[in-house]
Amino acid sequence: MKKILIICVLILTYQISNAQNKLTGKVTDAKTGEAVAGATVYIPELKTGTIADETGTYNLENLPKTRVIVQVSFLGYKSIIENINLATTTSRDFAMVQAITEMNEVVVTGSSRATEITKAPVPMITVSSRELQQNLNTNVIDAIAKLPGVSAVTTGPNVSKPFIHGLGYNRVLTLYDGVRQEGQQWGDEHGIEIDENAVDHIEIVKGPASLIYGSDALAGVINMLPPPPVPDGTIKGHIETNYQTNNGLIAAHAALGGNKNGLNWAGVVSHKQATNYQNRYDGRVYGTAFNETDLSGHVGLNKKWGYSDLNFSVFNDLQEIPDGSRDSLTRKFTKQITEADTFRPIVSDAELDSYKITVLHQHIQHYRLYSSNNFILGDSKLGLVLGYQQNIRREFSHPQYPDVPGLYLNLKTFTYDVKYTVPSRDGWETTIGLNGMYQNNTNKGTEFIIPDYNQFEIGPFVLITETIGKLDLSAGARYDTRVFKNDAMYTRPDPLNGFDRQVNLPDTALANRPFYSFNHTFSGISASFGATYNITKKLVIKANIARGFRSPNIAEISANGVHPGTLIYQIGNTAFKPEFTLQEDLGISYLSDHISGTLDLFNNNISNYIFNQKLLNHLGQDSVIIKGNQTFKFQQAKAQLNGFDANIDIHPYDWLHFENSVSATYALNKGGNGIQINDSSKYLPFIPPLHTNTELRTNIKSKSKHFSSLYLKIGMDYYARQNRVYSADNTETPTPGYVLYNAGIGADITDSRGKVLVSINVLGSNITNVAYQSHMSRLKYFEPYPNNPTGRSGIYNMGRNISFKITVPLALK
């Protein structure tokens, strides 16, 4: 105890001696010398920033004496990114150059500290708050699913799971503010439990990130970042409403934040609800309505020693469960009304139009509490993030017992992440870290797909970066260990309703045992080496090679039951080994005032790749364990994925933008581990087709004093036919190609002083009302009568949808 007190006194003495510092200056136009009022001066590592006033003057206080990256940005200007030593610099003026394109950005994902995106050797992409605001999204994953190299597996408009280069589920790690999202990621029928209204911008790493984040970052990382604290001495926020025509979505949210002498706070409350979506062929699709209410907030302190934040969020989603059942003659949707399920009536038009959630639905609740801290110790930094999450997932599948959940999973997760950055010496910077989690899952329902289990994960790592003139190098290594254990489970029918219930030892006489006890330790090494070279200020090349690691998830190991909402009886495999990947990335980018473009190539070889395969009986027919459900079992084999992402943006004038992107992923099943490969099984399932996106956008300079930021855009998404499918045992079928057109218009309405009173955005997707099926849609396979007279099979995606969005900003002193 005496030694601990001495250490605390020494740290306190050091912090007191580390006198308060500040950074002040002016932001001006480099050509005219006029003030750039409203320019943002932000330090990502410290989560602090301010806005230049009418004279261009800015002032940042309570800063530590350390080296930081300062980013100065304003719409219509090239961002300024500077490394500044706050120990020797207290004043810095910035002269901004007008630019049509954004030349560079600062990111905090995939590295040990804030980094310029052009210096990162792994391919990265960002989505800004403006892009989120001016695009039509139903959920947070929709906002990124059209980006090159990114896609999503969907089950209707509000259920999306992200994929990067053909890999998803537990191979893509989703973060919120750097904290890993843990919500049964292996499941198909529910989305990511993050409120899109609490997200300011998104950073995506397209490649193995196991080195920093451990298992589940095999294919990449998606980091959803909340808004930064508002400038000191202000209270700011907004109120927003949104209506969408296709499914009658009604949404509203309010956000408000304040800052006084470094003590900052913020909160967001939101609600959205929708009825069943519709398309030309299916009409309204029964079982796709939803009702979601979310709440989040934080309180933080930013001082000369760094920052410390305490954050919470509550996610509450009522989501219907589609099963695709239809009447064989009329093709109208039907619904289950009894446990015996011997007769299904046709769903009425009133029910299809209703916002009321049906008896058969899922209820997802996600609670998150975490503390994010960054302590500045001279030229070194200590980052500490501790988080707790509880994910409660209930799927109500008993029509005659509406209050009895079938599947009822209660997942509790504690995460930890510690990073220490050693003081930089001659361009070398070393970060030592340790992160992982403890997780516990329990069942409380009447249907059991996975057992009760607990697991502990730990992974120490080291990352070294070096800058040598125009060359930036990055290298690191990590060792992961995951200790997994599940107990045997015993069940017996409940005499009151006949549903299975868990029974505990020693009361297991005549009980069923769907799960046997199992424990195993998975471990592996991750490593990476990359380089970025600036040939000129405009031309940059990148290369990276990385080894990734992923432990099998609970469903892949132990599943043994009906997966509600999927029409699948799922079987796991306790003999699985960890997945290992070796990926090579090569990229080149060109950035100029009027043309910018990137080309990223990747090649990924995976050992022990886990995939789902349909099981057949001895007659070659679908194996049926539970009526109405196909039987699948996870398998392992070798796999290879390669492809490219490219984009070229042409800006001939400051008011005209012509943006284009293309991406393609090709995936082969290489067999091994007893898996025999033939023409029907040589490809991997759920690989997105070639996709191009084109957008023509004009920013209109209004002569009126009451309009600003007026824009008009039209876009086209082309998805090629996907013939490279895993067709073995009719697991997957080819998908025809299609073209979708989108459009949008918006503006800010201002007062005579230029203050924004309201922002209006009208956005349209699939404006020509094309009837199509996405290759990544699970609803494509929801078809009880595949040989029906229409020649169509499964459920089609959403038709034309128009969104009307109104935002009212709030600003108080």
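Remember, predicted model here, so these are calculated numbers, not experimental data.

Thresholds, definitions, all that
- Residues numbered from 1 in each chain as written.
- Predicted model: local features only at pLDDT ≥ 70, side-chain atom pairs only at ≥ 80, totals over all residues.
- Heavy atoms only, no water.
- Helix = DSSP H or I, 4+ residues; strand = E, 2+ residues; numbered from the N terminus.
- Rg over C-alpha atoms; globule rule 2.2 N^0.38 Å.
- Buried < 20%, exposed > 50% of the residue type's maximum accessible area, 1.4 Å probe, protein only.
- Contact = heavy atoms within 4.5 Å.
- Lys, Arg positive; Asp, Glu negative; His and termini not counted.
- Charge placed at Lys NZ, Arg CZ, Asp CG, Glu CD.
- pLDDT = per-residue confidence, 0-100.
- Salt bridge = Lys/Arg side-chain N within 4 Å of Asp/Glu carboxyl O.
- Pairing = 2+ DSSP bridges.
- Axes fitted to C-alpha atoms, helices over the stretch in contact; angles between N-to-C directions.
- Core = buried A, V, L, I, M, F, W, Y, C linked by side-chain atoms within 4.5 Å.
- Polar contact = N/O pair within 3.5 Å; in protein donor to acceptor, adjacent residues only side chain to side chain.
- Phe/Tyr/Trp six-rings, centres within 6.5 Å; stacked < 30°, edge-to-face > 60°.
- Lys NZ or Arg CZ within 6 Å of the ring centre and 35° of its normal.

1. Some points on the overall build of the protein
Each helix and strand counted, the protein has 5 helices and 46 strands in total. Relative to its length of 813 residues, the protein is compact, with a C-alpha radius of gyration of 27 Å against a globular reference of 28 Å. Across its three principal axes, the protein shows a C-alpha extent of roughly 80 × 70 × 50 Å. For the protein, buried positions account for 56% of its 813 residues. Nonlocal contacts in the protein, meaning residues at least 24 apart in sequence, comprise 66% of its contacts between residues at least 6 apart. With 73 positive and 73 negative side-chain charges, the protein shows a spacing of 2 Å between the two charge centroids.

2. Points about the environment of Phe396
Note that Phe396 resides in strand β26 (residues 380-396). Given the relative accessible area of 10%, Phe396 is considered buried.

3. Here's the deal with the confidence of the model for the protein
Overall, the predicted model of the protein reaches an average pLDDT of 89, with 94% of residues at or above 70. Counting interchain partners and residues more than four positions distant, the pLDDT-below-50 stretch residues 1-19 has 11 contacts.

4. Some details on the pattern of salt bridges
Within this structure, the stated rule accounts for 28 salt bridges. Here Lys335 ties to Glu351 by a salt bridge, and the two come within 2.4 Å at their closest N and O atoms. Taken together, the residues Lys335 in the loop between β24 (306-320) and α4 (349-353) and Glu351 in helix α4 connect sequence positions 16 residues apart. According to the relative accessible area criterion, Glu351 is partly exposed, its value standing at 29%. Lys701 is the salt-bridge partner of Asp654, the closest N and O atoms lying 3.2 Å from each other. Taken as a pair, Asp654 in the loop between β40 (630-653) and β41 (656-671) and Lys701 in the loop between β42 (691-700) and β43 (707-719) lie far apart in primary sequence, 47 residues in all. Looking at Lys701, the relative accessible area reads 68%, which means it is exposed. Through salt bridges with shared partners, one network takes in Arg180, Glu182, Asp216, Glu457 and Arg482.

5. Observations concerning the sheet that holds strand β6 (residues 80-85)
Pairing within the open sheet is antiparallel, and its 4 strands lie in the order β3-β2-β5-β6. With one partner strand each, in any of the chains shown, β3 (48-51) and β6 form the two edges of the open sheet. This sheet shows a mean twist of 20° between the axes of neighbouring strands, independent of strand direction. Taken together, the 4 bridges between strand β2 (residues 40-43) and β3 define a ladder with antiparallel strand orientation. Within the sheet, the bridge partner assigned to Tyr42 lies in β3 and is Gly49.

6. Remarks on unusual backbone geometry
In this structure, Lys47 takes a positive phi of about 50° despite not being glycine. Locating Lys47 in the fold gives a position in the loop between β2 and β3. For Ser709, which is not glycine, the phi torsion reads 55° and is therefore positive. Mapping Ser709 onto the fold places it in strand β43. According to the relative accessible area criterion, Ser709 is partly exposed, its value standing at 43%.

7. Overview of the pairing of strand β1 (residues 21-29)
Put simply, side chains in a regular strand alternate between the two faces of the sheet. Examined bridge by bridge, β1 and strand β4 (residues 57-63) share 5 bridges and lie antiparallel to one another. Bridge pairing links Asn21 to Leu63 in β4. Pairing analysis gives 3 bridges linking β1 to strand β7 (residues 94-96), with the strands arranged parallel. If you follow Val27 over to β7, its bridge partner there is Phe94.

8. Here's the deal with the nonpolar core
Counting 39 residues, the largest nonpolar core has Ile144, Val199, Ile202, Ile204, Ile222, Met224 and Leu641 as the members making the most contacts within it. Mapped by element, the contributors of at least two residues to this core are β10 (124-127), β11 (150-154), β14 (172-176), β16 (201-206), β17 (220-225), β39 (595-614) and β40. When residues in this core are grouped by element, the largest group, 4 residues, is from β39. Ignoring any residue separated from it by four or fewer positions in sequence, one finds Ile202 in contact with Ile125, Thr126, Val127, Leu132, Val140, Ala143, Ile144, Ile222, Asn223 and Met224. One finds Val36, Ile43, Tyr77 and Phe94 within the second-largest nonpolar core, a separate group that totals 21 residues.

9. What about the sheet that holds strand β33 (residues 512-515)?
Here 3 strands make up an open sheet; going across it, the order is β32-β31-β33 and the pairing antiparallel. Of all the strands in the sheet, just β32 (500-503) and β33 have a single pairing partner and so form its edges. Taken over all neighbouring pairs, the strand axes of this sheet differ in orientation by 45° on average, direction set aside. Relative to β32, strand β31 (residues 489-493) runs antiparallel, the two being bridged by 4 bridges. Paired with Arg492 across the strands is Arg501, a residue of β32.

10. Considering the side chain of Gln244
Relative to the helices and strands, Gln244 resides in strand β18 (residues 234-244). A polar atom in the side chain of Gln244 sits 3.0 Å from the side chain of Asn801. In contact with Gln244, not counting residues within four places along its chain, are Leu136, Asn137, Thr138, Leu249, Asn801, Ile802 and Ser803.

11. Some remarks on the packing of aromatic side chains
Taken as a whole and judged by the stated rule, the model has 15 aromatic pairs. Consider the rings of Phe74 and Tyr77, whose centres lie 6.1 Å apart with planes at 50°: the pair is tilted. Accessibility expressed as a relative area gives 31% for Phe74, which makes it partly exposed. Of the aromatic side chains, those joined through ring pairs into one cluster are Tyr453, Phe484 and Phe518. A cation over a ring is seen here: Arg697 above Tyr711, with NZ or CZ 4.5 Å from the ring centre. Over the aromatic face of Tyr281 sits the side chain of Arg792, whose NZ or CZ is 4.0 Å from the ring centroid.

12. Some thoughts on the side chain of His190
Structurally, the position occupied by His190 is in the loop between β15 (179-180) and β16. Classification of His190 as buried rests on a relative accessible area of 3%. Within the structure, His190 has its side chain in polar contact with the backbone oxygen of Gln184 (distance 3.2 Å). A distance of 3.5 Å separates polar atoms of two side chains, one belonging to His190 and the other to Arg393.

13. Section: the environment of Met124
When you line up the elements, Met124 lands in strand β10. For Met124, a relative accessible area of 15% puts it in the buried group. Placed 538 residues apart in sequence, Met124 and Val662 show a C-alpha to C-alpha distance of 15 Å. The contact partners of Met124, leaving out residues within four places of it in the chain, are Val107, Thr109, Ile117, Ile204 and Val205.

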